[in-house]
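Structural overview for review
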Amino acid sequence: MKKISAILVVLCIALTCAFAQGGKEAPAAAATAAPKETIKLTVWVGDLYTEVTEKIIEKFKAAYPDETFEITVGIESESTCKDTVLTDPEAAADVYTFADDQLLALVNAAAIQPATVDADKVKTENGEGAVNAAIVDGQLYAYPMSASNGYFMYYDKSFFTEDDVKSLNTMAVKAAKAGKKVGMQFGADGGWYLYSFFKGAGLDMKINDDGMTNSCEWASKGGEAVAKGILDLVATGGFYADSTSNLVSAAKDGTVVALVDGTWDANPIMEAYKDNYACCKLPTFSVSGKDVQMASFAGYKLIGVNPFSKNVGWAMRFASFMTSEESQVARFESNGDGPANIKAAASASVASNPAIAALATQSQFATVQRVGGNYWTPAATLGTILSQGNPEKTALSDLLSTAVAGITAPVV
Amino acid sequence: MKGKFKQFLGSIGHYFSDFGAAVVHGDWSVKLSLVFMGAGYIRRRKYLYGVFLLAIEVFFILLAATFIAPNLAKFGTLGTVKAEMHFDDVLFTNVWNDFDNSFKILLYSIISLVAILIFALIWISSIKGAYSLQKMDEQGEKPPTIRDDISSAMNEKYYKTLLAVPVGGIVLFTIIPLIVMICIAFTSYDEQHMPPAALFTWVGWANFKQLFTTSLTSTFGYSFGKILRWTLVWAVLATFTNYFGGIMLAMLINNKRTRWKKMWRTCFIIAMAVPQFVTLLLVRNFFADQGIVNTICSNIGLTSLLKKIGLVPAYLNYIPFLTNPNWAKFMIIMINIWVGVPYLLLIATGILMNIPQDLYEAATIDGANSFQQFRKITMPYMLFVTGPYLINSVVQNINNFNVIYLLTNNVFETSDQLLANSHARETDLLVTWLFRLTNEYYNYKMASVIGIMVFVVCTVITLVAFNFVIRGNKEEGMQL
C-alpha cells in the first residue's frame, strides 16, 4: 500500500505542478512599459510575404531608434488566419494579416483589437471601400493592407473582342462554338462566386445585426429567374464550374479562354495567355431576357492586432506602419498586391496594371463581404446543382427555398 | 465474464471494508491519521513516511484553497464574469478585467476532481498502512524499513514502479482530456460561446436531442443517419476489400508457378514508400473532372460508352469520378484498395509462408482441389491469426480520416440540400463531418456529441466482434 501511495504522491505533485501555474494565470495587468524594455512582437503573414515583411520590419526599427524590438515573422495564410487565431486567441500572434471576410468572426470572438492608434490617418489615407471593410458597427478594427482581394474576369484577347466580354452569354456561346470554355468557381466551394449572380440581379444576401445569422432574398420570383439564367448559361456548353486552380491549369491547356478569378492567380494566367492576357470587370448575364451586371464581393487584406498581446500599443503602431503608403508600395512591387492607400493606388505603375485596373472598374459593383458562416455550404450545394444543370429537375422554387433555409438558419 | 465482474465489485467492497476496519480497530494514532495524515506512521517511528504524508496533506490543503476551491466553485455555472478590456494610453497596452474563461474553468475543475480522487486514495491507503503497522506492532513483528520498501519496489514489486509512469501519463494525457471532451457535449460551447471573449454553460441533453431531430433549418438527424450508414458500409467494405485483395495478391505472388516473386513484391511495396497523403492528393488530381484520367477516358470513348449505359449522367461530358456521390464512394473504395493492399500483402505473405506445407500435401493426397484447400486450410488459418487485426482495422476505418478527407475536400460538393444545411456531405464519415464542424464552424458541442457516438459505435463493434472471434475453443482447434 505504501508503495502505491508513494506513486500516487508523485503523480499528484506532477499533476499540480503542471497545472498550478495555469490556474493563477490572471489577465496581464499592469505590465508597466518600462522605457528600455525589449518589445517583443510576433507577426503572421502569408508565405509569399515574409521577405517584404522583413524589409518593412527593418524600416520600422529604424523609425523608432530609441526602442529595442524583437519582431518575429511567422507564416499563416491570410485565407485561414481566422481559424488559427480563434483556436486559441491568447496564443495567437500579436499582429496578423487576414482577408476582410473574417473580420466579423474575429470581432464576435473579441480576438481583434479596436484600432485606436493612427485611426484617423488610416481612415483618410486609404480608399473608402477598404476602410469600410475594416469597420464594424462604426468602429475601426483593422489596418487595410491591400485592396486587390476581389475577383474579376481574365480572358484571352485573341479569342474574345472587347465587345464580347461585355456579356457572359455572348462569351459562353462563342466559346461553345469553338469547343472552348469560360470558367468560374460557383460549384464546389464556390459560394463566394455564386453571390455575384444573385446580387447582380438585386437580390441581397447579408448578415443580420446579430453578426451571426444571414438574411437572404433569393427564394423569390426574381431568384428563380436568376437560377434559370445560370442554367441557361450552363446549357450553352460554353460555361462551367470548377475550382480556380483547375481553371488556371485548363487555361494553360488552352481549353479555358476566360475565367473569373482574383489577382493571386495573375502570374500563372499571364503565363497561360502570354501576349493575349487581358482583364476586365465581370460581364453581364441574361435574366429573363434582360442583361444584368454581375456583382461581386470586394476583397481586402487587413492587418489585425491581438487584444491579448502584451504590447498592444506597439503592435498597433507596427500594424499602422505595415500599412503605410511606403509599405503598400513595397508590397505592390514585391507581390503585385493592389494598394488600399489612395496615393499608392494612384501611382502610374499601379494604375497601368491590367488586373488592378479591372478590379477598380468592378469595385463599383462590389460589396464588402459580411456573411455569416451558415452561408457557405448551402450556397456551394446550390451552385453545384445549378452547375450540373439541375439534373434531378427539382423545382427551382424548392431548390432556392431549401438553400435559403440553410443560409438563414439560426446558428446553433 | 460474470465471475470477473463479481470479483471486481468484491475487491472494491474489500477496499472500503478494510478501510472501515482500520478506522474502527485502529488505536488513537490511526484515528488521528484521519485528520493529520502520517500520525500513525510517526507513532510507529516511521518519521520519514509520516512527515512526507503530512507534507502531502499540507500541499493538498494549499492546492485546495488556491486552485481546487475557486475552480470548483464556478463549475456549476462555468463562469459568470464576461471578459472586458480597455486600452490604457499610459501603459500603452490593454487592461483586462478578472474575467472567467469557461473552458479553463471546465478543464481545471476536472483536474481538481482528479486531484481530489488521487488525494482520497492516498488518504485511505495511509490509514490502512498505519493500521497494518499497528497490527505488526501488536504481533511483535518488525515493520519493514524504508530500505526494505525501496528494495521491494525494485524487486518483487518492480511492476508497480514500472507502471507508475504509464499510469500517470494515461491519467494526464488521456483520461483528463477525455472527460473534458465528454463534458463539452453537455455544454453550449460553439461559435456564439467561444472563450475567452464569451462564456458557455451547461445545457444538459439538448445537444443529443438536436442530433436526432430534423427540420428544414436543423438537419442533424437526417445527416447523422445518412452518414452513420455510409460510415459503417465504408468500414466494412474498406476492410474486407483490402483484406481479400491483399490475400489474393500474396497467394498469386506465392504461387509456385509465379516467376520473379521478389520483383513483384518489391513493386507493390515501393508504393508504400510514398507517403499516403501525397499519393491521395495526386490521385485526386488525376481523377478531377477535367483531369488526366477523364481526358484519356473521353479519348478512348469510355465516357460516351458509360453515358450510353447510363452510368454517367447525360448532361456531363466527363466521368464525375469524385464529384458524383455514388461515383465518389466507389472511387474512394477503389483508391483505398490501391493505397492499402500493399500493407495487407506484407502481412498475408508472412502468414501464408507460415502455414505448414504438410497440410497442403495431405490435402492434395486426399484429392482436395486448390479452391477447397483455400477454403479449408488457408482461410481458417488466416482468419484465426488476423481476427483481432480485422476488428482493429474495421474500427480504424470508421475513423479513416485521411482517405476520405484528402480525396473529397474542396472537390466534392453535395447536391443534397438537407445534408448541406448541417454542413455534411454524402462521402463524409462521422469523423470528417466532426472535423468540418469544429474546424470550419466551431461547433464544438455537436462535434463532441458526434465524437461520443463514434465511440459508442466503435465500442459496440469491438465488443461484439471480439466476443465472436474469441468465443469457443477455436484456439485449440488451431493447434497444428
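Rules and cut-offs
Residues numbered from 1 in each chain as written. Chains lettered and ligands numbered in written order. Predicted model: local features only at pLDDT ≥ 70, side-chain atom pairs only at ≥ 80, totals over all residues. Helix = DSSP H or I, 4+ residues; strand = E, 2+ residues; numbered from the N terminus. Buried ≥ 20, exposed ≤ 12 C-beta atoms within 10 Å, placed from the backbone. Contact = placed C-beta atoms within 7 Å. Domains from an automatic or database assignment. Nonpolar A, V, L, I, M, F, W, Y, C, P; charged D, E, K, R; others polar. Pairing = 2+ DSSP bridges. pLDDT = per-residue confidence, 0-100. Arc of directions from axis to C-beta. Axes fitted to C-alpha atoms, helices over the stretch in contact; angles between N-to-C directions. Parallel < 35°, antiparallel > 145°, perpendicular 65-115°, else oblique. Left-handed = near helix turned anticlockwise from the far one by under 90°. Core = buried A, V, L, I, M, F, W, Y, C linked by C-beta atoms within 7 Å.

Bringing the overall build of chain A into the picture now. Along its length, chain A carries 18 helices and 18 strands. Counting only C-alpha atoms and orienting by the principal axes, one finds that chain A spans roughly 80 × 60 × 40 Å. The buried share of chain A, reckoned over its 412 residues, is 54%. If you take every contact in chain A between residues at least 6 apart in sequence, the share linking residues at least 24 apart comes to 75%.

What follows deals with the domain arrangement of chain A. The figure often quoted for interface size is the accessible area lost as the parts come together. Residues and elements named next belong to chain A. Domain boundaries assigned for chain A yield domain 1 (39–148 + 299–363) and domain 2 (151–298 + 372–407). With centres defined by C-alpha atoms, the gap from domain 1 to domain 2 works out at 29 Å. Each partner contributes residues to the interface: domain 1 has 17 residues there, and domain 2 has 14 residues. Taken together, the elements giving at least two residues each to the side of domain 1 that touches domain 2 come down to α4 (103–108), α6 (128–133) and α16 (354–362). No other element matches α16, which puts seven residues into the side of domain 1 that touches domain 2. Class assignment of the residues belonging to the side of domain 1 that touches domain 2 gives a composition of eight nonpolar, nine polar and no charged.

Before going further, it helps to examine the pairing of strand β14 (residues 284–287) of chain A. Residues and elements named next belong to chain A. In β14, alternate side chains face the same way, and those of Phe285 and Val287 are buried while those of Thr284 and Ser286 on the opposite face are not. Relative to strand β15 (residues 290–293), β14 runs antiparallel, the two being bridged by four bridges. Counted as the bridge partner of Ser286 is Asp291 from β15. Connecting β14 to the next strand, β15, in antiparallel fashion are two residues, including Ser288 with a positive phi near 45°.

Moving on, we come to the confidence of the model for chain B. Per-residue confidence for chain B gives a mean pLDDT of 89; residues scoring 70 or more make up 97%. The complex prediction reports pTM at 0.81, with the ipTM value standing at 0.74.

Residues and elements named next belong to chain B. Domain annotation of chain B identifies domain 1 (2–204) and domain 2 (210–287 + 322–477). Using C-alpha coordinates to define each centre, domain 1 is positioned 42 Å away from domain 2. In this assembly, ten residues from domain 1 lie in contact with nine residues from domain 2. A class-by-class count of the residues in the side of domain 1 that touches domain 2 yields six nonpolar, two polar and two charged.

As a further point, take helix α11 (residues 276–286) of chain B. Residue and element names in this part refer to chain B. By the burial criterion, the buried members of α11 are Leu280, Val283 and Arg284. For α11, the angular spread of the buried residues around the axis is 105°, confining them to a single face. For α11, the exposed residues set more than 90 degrees away from the buried face come down to Val278 and Leu282. Summarising the contacts, the buried residues of α11 are in contact with α14 (325–354) and α17 (401–408).

What follows deals with the interface of chain A and chain B. In this assembly, 64 residues from chain A lie in contact with 61 residues from chain B. In terms of residue class, the side of chain A that touches chain B is built from 39 nonpolar, 18 polar and seven charged.

What follows is about the packing of α17 of chain B against helix α19 (residues 430–439) of chain B. Residues and elements named next belong to chain B. Relative to each other, α17 and α19 sit at 60°, their axes nearing to 9 Å. The orientation of α17 relative to α19 falls into the category oblique. With respect to the hand of their crossing, α17 and α19 are arranged in right-handed fashion. The segment α17 lies against α19, with Phe401, Ile404 and Tyr405 engaging Val431, Thr432 and Phe435.

Residue and element names in this part refer to chain B. On the secondary structure map, Gln290 appears in the loop between α11 and α12 (292–299). Taking the number of C-beta atoms within 10 Å as the measure of exposure, Gln290 has 19 and is therefore partly exposed. It is 9.0 Å that separates the C-alpha atoms of Gln290 and Ile319, two residues lying 29 residues apart in sequence.

For soluble globular proteins, the rule of thumb is that nonpolar side chains tend to be buried together. Ranked by size, the top nonpolar core spans 211 residues in total, and within it Val95, Met153 and Leu302 of chain A carry the most contacts. The leading source of residues in this core is helix α5 (residues 102–138) of chain B, at 15 residues. Not counting residues within four places of it along the chain, the set of residues in contact with Leu302 of chain A comprises Phe98, Asp100, Leu103, Ala133, Ala134, Ala142, Tyr143, Pro144 and Met145 of chain A.

Now for the sheet that holds strand β6 (residues 143–146) of chain A. Residue and element names in this part refer to chain A. Across the sheet, five strands lie side by side as β2-β1-β3-β17-β6; this open sheet has mixed pairing. Every interior strand has two partners, whereas the edge strands, β2 (69–75) and β6, have only one. In this sheet, adjacent strand axes meet at a mean angle of 25° when their direction is disregarded. For strand β1 (residues 39–45) and β2, the ladder comprises seven bridges, and the chain directions are parallel. The residue bridging Val43 from the neighbouring strand is Val73, located in β2. Across the face of the sheet, helix α12 (residues 312–322) comes into contact with β1, β3 (95–99), β6 and β17 (301–305) while running at roughly 165° to β17.

A word on the sheet that holds strand β12 (residues 256–262) of chain A. Residues and elements named next belong to chain A. Across the sheet, five strands lie side by side as β11-β8-β12-β7-β13; this open sheet has mixed pairing. Edge positions in the sheet fall to β11 (239–241) and β13 (277–280), since each of these pairs with one other strand and no more. In this sheet, adjacent strand axes meet at a mean angle of 25° when their direction is disregarded. Relative to β12, strand β8 (residues 181–184) runs parallel, the two sharing three bridges. Across the sheet, the residue bridging to Gly183 is Leu259, located in β12. Where α16 meets the sheet, its contacts fall on β7 (151–156) and β13, and the angle it forms with β13 comes to roughly 15°.

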